[in-house]
Each structure stands twice: as C-alpha cells, then as structure tokens.
Amino acid sequence: MYMNLVAGIRNVDRKLVELGELYRLPRLQQIRRIFVPAAQPYLFTGLRNGLSMAWLCVVAAELLAATEGIGYLLTDGRETSRPDLVLVAIVVLALMGKLSDSLLKALEHRALRWRDNFDGEGGGA
Amino acid sequence: MSALLALQRIHKSFAGLRVLDDVSLSLAPGEIVSLLGPSGCGKSTLLRIAAGLDRDFQGHLERNPLLDFGTARGIGVVFQEPRLLPWLNVAQNVAFADGRAGDEKWVRQLLRDVGLEGRGEALPKQLSGGMAQRAAIARGLYGRPQLLLLDEPFSAVDAFTRMRLQDLVAELAQRYEVAILLVTHDLDEAFYLSDRVLILGGQPSRLTREIDVPLARPRDRRSGALASLRGQALTELYQSHAL
C-alpha cells in the first residue's frame, strides 16, 4: 500500500501542483486538496492488493495456530479426513475474498467516477 | 505606483543559457497588452515570473499594492491547458480559491458569462476542449482579479472556438475592468485584442518593438487598420529573423 501511495504522489501532474502554488495554498491544504485526491487511484490499487494479502495472511495464521476459524476448519477437516469440511472451508474463503474485493471495487468505482481513463471496456463511457 | 504591474530589466537564464535579456514592461489598470513572439522566446517564462510561479530571475518585479497578492485575489491565470482538477466538478473548479466556502451565486454568474450555464455539475472529463477552457477562464475571474494573465490560452482549441473565446475575453475584460497580459504566437489574436502589442525576439529575447493599437472596440477582424498594424509586426518579425 505504501509503495502504491508513493507512486501515486510521484505521479501527480506537475501542472496541478502548480495550481496549488498559484493559489498560495499552505502545505497542508496542498496535500489535502491536490495530492490526496490525485493519488486516490493508486491508493485504491494498493488497498485491493492489501486486502487480498490480508486474507492470505489471516488464513495462513489460522492454519498455523488457531483453534477456531476457517483456517482451523481446513486443517481439522484434513486431519480428520473430512474432505467435505475442507471443501466448505475453501469455498467460504473464496466467497469472502471475492465479496470483499467486489465491495472494494464498487467503492473504488464510485470514488473514481471522475477518472478519464481506459476502463477495460470497449467504447462508451 | 500607478501601474498595476511593472517588470523591470528582467534577466533570466535556464541552465546557463540566457533566455530573457533586459526585458521591461508595465501594465496600466484596464489595459490589454500582448506579448508576441515565436515559440521558445521566453514569453511564457516572463508570464510565469509575473504570476509569481518563477522566482529565479534577476531584475525587479513590482506589483501595485492594490493587487492583494497574498490570496491570489489580485491576479488570475489561465494556462494553455485548462488545468481543471479532474475530481472536482466545474462549479467546484471555478470556486477553487475558496474551497467549500465558494460563492455559489458568483460561480453561477461566471458560468453564465462564459457560456457554461447549467454545466456546474459536470466533470472535466465530460467537457470539450473549448468548454474546459471556458471553465478555466471563469476560474481565473472568480477572485475578481484586476489583472488576468493568459498564457497562449487558445492555442489548443480549433480556430472557430478560438475566435469565440477571444470575443469572450474582450467582453469580460471590459465588463469587469480587468487588465490583461496575453502571451500569444498568434498575430491576429494579439492585434484583435490588445491596446499594445510587445514583440519579443532575438536570442536571448528582448523587446524589439512595441506597437500601439489605437482602435476602438468592438473591433472588426476584417478591418484594414488591423491588417496594416499586423503588417508592421510582420516586418519586425522578418527583420529580427523570427520568420
């Protein structure tokens, strides 16, 4: 997330930063009103990456050390030869991961409505 | 000082290369002055110095204390690109100087003036080049400036839009009594709009000629007087080998 944010800040158009200079904006305002909104797209990329990483870490931690939770269900099912448990655990994890990512994606989409970029869809707005 | 702005004996170098050499100019209230010259002659640099965006120069820059520069309220700037903040809608962009405490009524008035009535909610990505530049002009005027600095403001739009925008600027300058320093490489534009045309040329750049344009407004683009004054400028440009 940090690296994405830094990339976001570095990528802010110098011309917009000059606007801040022109209006004699104090440093804090410059950050709040120009750098932060401009870096938002990068922030969201970082967030989504971070989210998937977070899921991985949670599961890995539970696999290793938990006595309850999905990761535990997975290990337990494996050790007691209950493949149905294992399957359920995997499916639930996948669903939760997908759901939270979709939620974040929807949030991103709303927050970044102003972006004038290639959307990955052919033609139209 | 009675002048709004005075640049005295400005010298400017970029990486050891002298760009501006002993350039002086001054602007009276309500006056429209053009800086005319080929690309790279330093006229944009001069404007940026006047706007306070470039402090690395030798010479003297004097601004009339009437220009309340601290809040950028004395001076408005319009660049070649509209430079609208893409995450703000048009109205928010115009009122950018005030942020959330923007004067909505004044914004609406300005949008009407520049021909963007009802477009306050639009996002910059939805605007054409001409419309975006109109929004930029409205933003420049938002602070009720006494001086408007225009840096090749119409070079990125088509010829028809350009003529309309020129008329718009002339009209607004008169209505709001704003002095204008216009940087342009377009001879027609310079003579159509200005009271005085300053020709910049040579290497490093100097003010080689100043041409008065004592024609009444509104002006006719077809007029012979304009053509003849334009001819004088062309002569000067040929002589200084800019053409």
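Within any chain, residue numbers begin from 1 and follow the written order of that chain's sequence. Just so you know, chain letters begin at A and ligand numbers begin at 1, following the order they were written in. Per-residue local features are limited, in this predicted model, to residues with pLDDT of at least 70; the limit for side-chain atom pairs, both in listing and counting, is 80 or more; totals at the level of whole chains, interfaces and linings are taken over all residues. Side-chain numbers here rest on the full set of heavy atoms in the structure, without hydrogens or water.

Going by what an unreviewed UniProt entry lists, chain B is known as ABC transporter ATP-binding protein and is assigned to Pseudomonas kuykendallii.

A. Expanded view of the overall build of chain A. Helix and strand definitions here come from DSSP, where helices need a minimum of 4 consecutive H or I residues and strands a minimum of 2 consecutive E residues; each element is numbered from the N-terminal end. From N to C terminus, chain A includes five helices and zero strands. Helices and strands appear in chain A in the N-to-C order α-α-α-α-α. The globule rule used for comparison is 2.2 Å times the number of residues to the exponent 0.38, while the radius of gyration itself is calculated over C-alpha atoms. Since a compact globule built from 125 residues should have a radius of gyration of about 14 Å, the 21 Å found for chain A marks it as more spread out than a globular shape. Across its three principal directions, the C-alpha atoms of chain A cover 70 × 35 × 15 Å. Burial classes: relative accessible area under 20% of the type maximum marks a residue as buried, over 50% as exposed, and values in between as partly exposed (1.4 Å probe, protein chains only). The 125 residues of chain A split such that 27% are buried.

B. Region of interest: the overall build of chain B. If you tally the helices and strands in chain B, you get seven helices and nine strands. Here the C-alpha radius of gyration of chain B, 18 Å, is about what a compact globule of 243 residues would show, namely 18 Å. Principal-axis analysis of the C-alpha atoms gives chain B an extent of 50 × 40 × 35 Å. By residue count, 53% of the 243 residues in chain B fall in the buried class.

C. Local environment of unusual backbone geometry. Residue and element names in this part refer to chain B. Of note, the bond from Gln 203 into Pro 204 is cis; its omega dihedral lies within 30 degrees of zero at 0°. Here Arg 217 and Pro 218 are connected by a cis peptide whose omega angle stands at 5°. In this structure, Arg 9 takes a positive phi of about 50° despite not being glycine. Its relative accessible area of 52% is what places Arg 9 among the exposed residues. Notably, Glu 177 is not glycine yet its phi reads approximately 55°, a positive angle.

D. How the structure looks around the packing of aromatic side chains. Each aromatic pair joins two rings of Phe, Tyr and Trp (for Trp, the six-membered one) with centres within 6.5 Å, and gets the label stacked for planes under 30 degrees apart, edge-to-face for over 60, and tilted for any other angle. Applying the stated criterion across every chain, the model contains three aromatic pairs over all chains. Centroid distance Tyr23(A) to Phe96(B): 5.5 Å. Interplanar angle 80°. Geometry classified as edge-to-face. Taken as a pair, Tyr23(A) in the loop between helix H2 (14-22) and helix H3 (27-65) and Phe96(B) in the loop between helix H2 (90-94) and helix H3 (104-113) lie in two separate chains rather than in one. Consider the rings of Trp114(A) and Trp87(B), whose centres lie 5.6 Å apart with planes at 70°: the pair is edge-to-face. Of this pair, Trp114(A) sits in the segment after helix H5 (83-111) while Trp87(B) sits in the loop between strand E5 (75-78) and H2, on two different chains. Each member of the pair, Trp114(A) as well as Trp87(B), is classed as buried. Only lysine NZ and arginine CZ atoms are considered, and such an atom sits over a ring when it is within 6 Å of the ring centre and within 35 degrees of the ring normal. For the cation-ring pair, Lys12(B) lies above Phe14(B), with the distance from its terminal atom to the ring centre recorded as 4.6 Å. The ring of Tyr192(B) has Arg221(B) lying over it, and the distance from NZ or CZ to the ring centre is 3.8 Å.

E. How the structure looks around the packing of H3(B) against helix H4 (residues 129-142) of chain B. Residue and element names in this part refer to chain B. Only the contacting stretch of a helix is used when fitting its axis, a line to C-alpha atoms as for every element, and angles between N-to-C directions run 0 to 180 degrees. The N-to-C vectors of H3 and H4 enclose an angle of 135°; their axes lie 9 Å apart at closest approach. The orientation of H3 relative to H4 falls into the category oblique. Along this stretch, H3 crosses H4, giving a crossing that reads as right-handed. Only Ala 138, Leu 141 and Tyr 142 of H4 make contact with H3, whose side of the interface consists of Trp 106, Val 107 and Leu 110. Under the scheme applied, nonpolar residues are Ala, Val, Leu, Ile, Met, Phe, Trp, Tyr, Cys and Pro; charged residues are Asp, Glu, Lys and Arg; polar residues are all the others, including Gly. The residue inventory of the contact of H3 with H4, partitioned by class, reads six nonpolar, no polar and no charged. Angle categories: roughly parallel below 35 degrees, roughly antiparallel above 145, roughly perpendicular from 65 to 115, and oblique for all the rest. Crossing handedness is defined as follows: a turn of the near helix away from the far one that is anticlockwise and smaller than a right angle gives a left-handed crossing, while the clockwise case is right-handed. For this analysis, residues touch if any pair of their heavy atoms sits within 4.5 Å.

F. Expanded view of the sheet that holds strand E4 (residues 58-63) of chain B. All names here are of chain B. With antiparallel pairing, the three strands of this open sheet are ordered in space as E2-E1-E4. In the strand order of this sheet, the two ends are held by strand E2 (17-27) and E4, each with one partner. Sheet twist, expressed as the average angle between the axes of neighbouring strands with direction ignored, equals 20°. The criterion for strand pairing is that DSSP finds at least two bridges linking the strands in question. Two elements, strand E1 (residues 5-14) and E4, share five bridges in a ladder whose sense is antiparallel. When the sheet's bridge partners are listed, Leu 7 is paired in E4 with Leu 61. In this fold helix H1 (residues 43-51) packs onto E1, E2 and E4, with an angle of close to 125° to the strand it touches most, E1.

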